[in-house]
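Architecture and fold: a report
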Amino acid sequence: MDTLKKNWFSESCELWPGSTFSFEVKEVLHEERSPYQFIQVFDTTSLGKVLVLDGIIQCTQKDEFSYQEMISFLPLCCHPNPEKVLIVGGGDGGVARDVAKHPRVKEIVQVEIDAKVIEVSKKYLPFMAVGFESKKLTLHVGDGFEFMKNHSHEFDVIITDSSDPVGPAVNLFQENYFALMKSALKPNGIVCSQAGTYWDSMNLVKNTLRFCKNQFPVAAYATTSVPTYPCGQIGFVIGSLDSNTDLKNPVLEFTLDEVKNMGLKYYNTDVHKAAFSLPAFVQYEIDS
Ligand code: SAM
C-alpha cells in the first residue's frame with residue numbers, strides 16, 4: 001500500500017474520492033495485515049498517535065475524545081437508567097473508556113471483530129485502551145452482526161462504534177442490523193451508530209437514518225466535530241424504542257463541574273442539545 005510518501009501519510013478511501021487528509025509521520029510504530037484489515041499505527045508531528053485501518057483514519061490522540069464522548073454520552077444521557085450497555089466495534093477501547101464514566105452504567109459488554117486491533121491499541125494507544133481495564137467490561141472477539149442474532153431483550157443501550165461501511169463493517173450499516181439491534185434491546189432501549197458525514201456521504205447519512213426510523217419510533221441524526229475525519233464532521237444515528245424520548249433534551253443533565261469531574265473534555269449538556277440542530281441543506285435532504 002503506497003500511502004507513505006516523503007514521511008507524509010494521505011488517507012485514501014473510495015467513499016470520499018477526489019480529496020484527502022494528510023499528516024506528517026514521525027515514526028511508523030506498527031504495520032500488520034490481520035485477517036480482517038491492514039492495521040497501521042503512527043506517531044505524528046501534530047496529531048499524537050494515530051490508528052489507521054485499511055488506509056482510513058480511525059482515531060488520533062488529538063481529537064478522539066470528541067467522537068468517543070459523543071457516541072457514548074448522547075444515547076446514555078437520553079436513557080433514564082442505562083445499566084447494561086453493548087458496544088459493537090470500538091477496538092481501540094475509547095468508547096468503553098467513556099461509557100464506563102457514566103454514573104448509571106453498571107455493566108458493559110463489547111464485541112469487536114478483530115483481536116489484533118485490541119492488541120495493537122493496548123500496546124500503542126493506552127490513552128484509549130485503558131477502557132479495556134474497566135471492571136464493568138466483558139470483552140468478546142467476534143462479529144457484531146452475528147453476536148446480535150443470539151441476544152434478545154438484554155441491553156438498555158447499544159453503541160455501534162464501527163469502521164466505515166467498507167470491509168468488515170458493511171453489515172453494520174444495513175437495515176436488518178437495526179432490526180437485530182431492536183430485538184437485542186430491553187423495552188425502551190436506545191441505539192446509537194456511527195453514520196458518516198453529511199458533507200461527503202449524504203446518502204449514507206440518509207440511508208442510515210431511514211433504516212433507523214423504519215425500526216424505531218424516535219430517531220434522529222446528531223453531529224460532532226472531529227478535525228481529522230473527512231470534512232472534519234461526523235454524525236450518529238440515534239433511535240429510541242420509547243416514543244416519549246426527547247433526544248434533544250437529555251433526561252440526565254450534568255453541570256460543567258460534573259462533566260469535568262467525570263474526565264469529559266467535549267460532551268456537556270449544551271453540546272448535547274446543539275448536536276441535533278443541523279444546517280439547513282442537511283435538514284432539507286433528511287426531510288425529503
Ligand atoms: N471511531 C472510529 C471511526 O468511526 O472511524 C471507529 C473506531 S473502532 C477502531 C472501529 C472498529 O470496528 C474496528 O476495530 C473494527 O475492527 C471494528 N469492526 C468492524 N466491523 C465489525 C463487525 N462486523 N463486528 C465488530 N466489530 C467490527
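Residues numbered from 1 in each chain as written. Predicted model: local features only at pLDDT ≥ 70, side-chain atom pairs only at ≥ 80, totals over all residues.

We count it as follows: UniProt positions are given in the numbering used here, feature names are shortened, and annotations may be inferred rather than shown by experiment.
Naming follows an unreviewed UniProt entry, where the chain appears as Spermidine synthase of Bicyclus anynana. UniProt lists a comment for the chain under the heading Sequence similarities (unreviewed entry), and it reads "Belongs to the spermidine/spermine synthase family."

Here's the deal with the sheet that holds strand β13 (residues 233-240)
As a reminder of what qualifies: Between any two strands, pairing holds if DSSP finds at least two bridges. Secondary structure is summarised from DSSP: a helix means a run of H or I of at least four residues, a strand means a run of E of at least two, and numbering begins at the N terminus for each. Where helices are involved, their axes are fitted lines through C-alpha atoms of the stretch in contact, as for all axes, and angles between N-to-C directions lie from 0 to 180°. Throughout, a residue-residue contact means that the two C-beta atoms, derived from backbone geometry, are no farther apart than 7 Å.
A sheet is described by the order of its strands in space; here 7 strands give the open sequence β9-β8-β7-β10-β11-β13-β12, paired in mixed fashion. Edge positions in the open sheet fall to β9 (137-141) and β12 (218-225), since each of these has one partner strand only. This sheet shows a mean twist of 15° between the axes of neighbouring strands, independent of strand direction. Two strands pair when backbone bridges link them, and strand β7 (residues 84-89) and strand β8 (residues 107-112) are joined in this way by 5 bridges, in the parallel orientation. Following the sheet pairing, V85 is matched in β8 by I108. Each of β10 (155-161), β11 (185-194), β12 and β13 is contacted by helix α1 (residues 64-78), which is oriented at about 20° to β13, the strand it contacts most.

A look at unusual backbone geometry
Applied cut-off: Counting other C-beta atoms within 10 Å of each residue's C-beta, where C-beta atoms are placed from the backbone, gives the exposure class: buried for 20 or more, exposed for 12 or fewer, partly exposed between.
Phi at H153 takes a positive value of approximately 50°, unusual for a residue other than glycine. Position of H153 relative to the elements: it lies in the loop between α5 (144-149) and β10. The backbone of C231 shows a phi angle near 70°, a positive value even though the residue is not glycine. Residue classification places C231 among the partly exposed residues on the basis of 16 C-beta atoms within 10 Å.

Concerning the site of the ligand
As a reminder of what qualifies: Nearness rests on one distance test: the residue's C-beta atom, set from the backbone, must lie within 6 Å of the molecule or strand. Just so you know the grouping, Ala, Val, Leu, Ile, Met, Phe, Trp, Tyr, Cys and Pro go in nonpolar, Asp, Glu, Lys and Arg go in charged, and all remaining residues, Gly too, go in polar. Per the annotation, domain bounds derive from an automatic or database assignment of domains.
Around the ligand lies a shell of 25 residues, among which G89, G91, G144, P168 and A169 are the nearest. Contributions of two or more residues to the shell around the ligand are made by β6 (56-60), β7, β8 and α5. Taken together, the residues that form the shell around the ligand break down as 11 nonpolar, 9 polar and 5 charged. Mapped onto the domain boundaries, the shell around the ligand takes at least three residues apiece from domain 1 (4-60) and domain 2 (64-287).

Some thoughts on the packing of helix α6 (residues 175-184) against helix α7 (residues 202-215)
We apply this condition: For classification purposes, an angle smaller than 35 degrees is called roughly parallel, one larger than 145 roughly antiparallel, one from 65 to 115 roughly perpendicular, and anything else oblique. The sense of a crossing depends on the near helix, which, turned anticlockwise from the far helix by less than a right angle, makes the crossing left-handed and, turned clockwise, makes it right-handed.
As a packed pair, α6 and α7 sit with axes 9 Å apart at the nearest point and diverge in direction by 40°. Considered as vectors, α6 and α7 are oriented oblique to each other. Seen from above, α6 lies across α7 with right-handed handedness. From α6, E175, F178, A179 and K182 reach across to α7, where they touch F211, C212, N214 and Q215. Residues that form the contact of α6 with α7 fall into these classes: 4 nonpolar, 2 polar and 2 charged.

Description of the domain arrangement of the chain
Interface extent is often summarised as the accessible area lost during association of the parts. Annotation of the chain at the domain level lists domain 1 (4-60) and domain 2 (64-287). Using C-alpha coordinates to define each centre, domain 1 is positioned 23 Å away from domain 2. Listed per partner, the contact involves 23 residues of domain 1 and 23 residues of domain 2. Of all the secondary structure elements, the ones that give two or more residues to the side of domain 1 that touches domain 2 are β3 (22-33), β4 (38-44), β5 (49-53) and β6. When residues in the side of domain 1 that touches domain 2 are grouped by element, the largest group, 5 residues, is from β6. Residues that form the side of domain 1 that touches domain 2 fall into these classes: 14 nonpolar, 5 polar and 4 charged.

Some points on the environment of N81
Relative to the elements of secondary structure, N81 occurs in the loop between α1 and β7. Residue N81 is classed as partly exposed on the basis of its 13 C-beta neighbours within 10 Å. C-alpha separation for the pair N81 and K106, spaced 25 residues apart in sequence, amounts to 9.8 Å.

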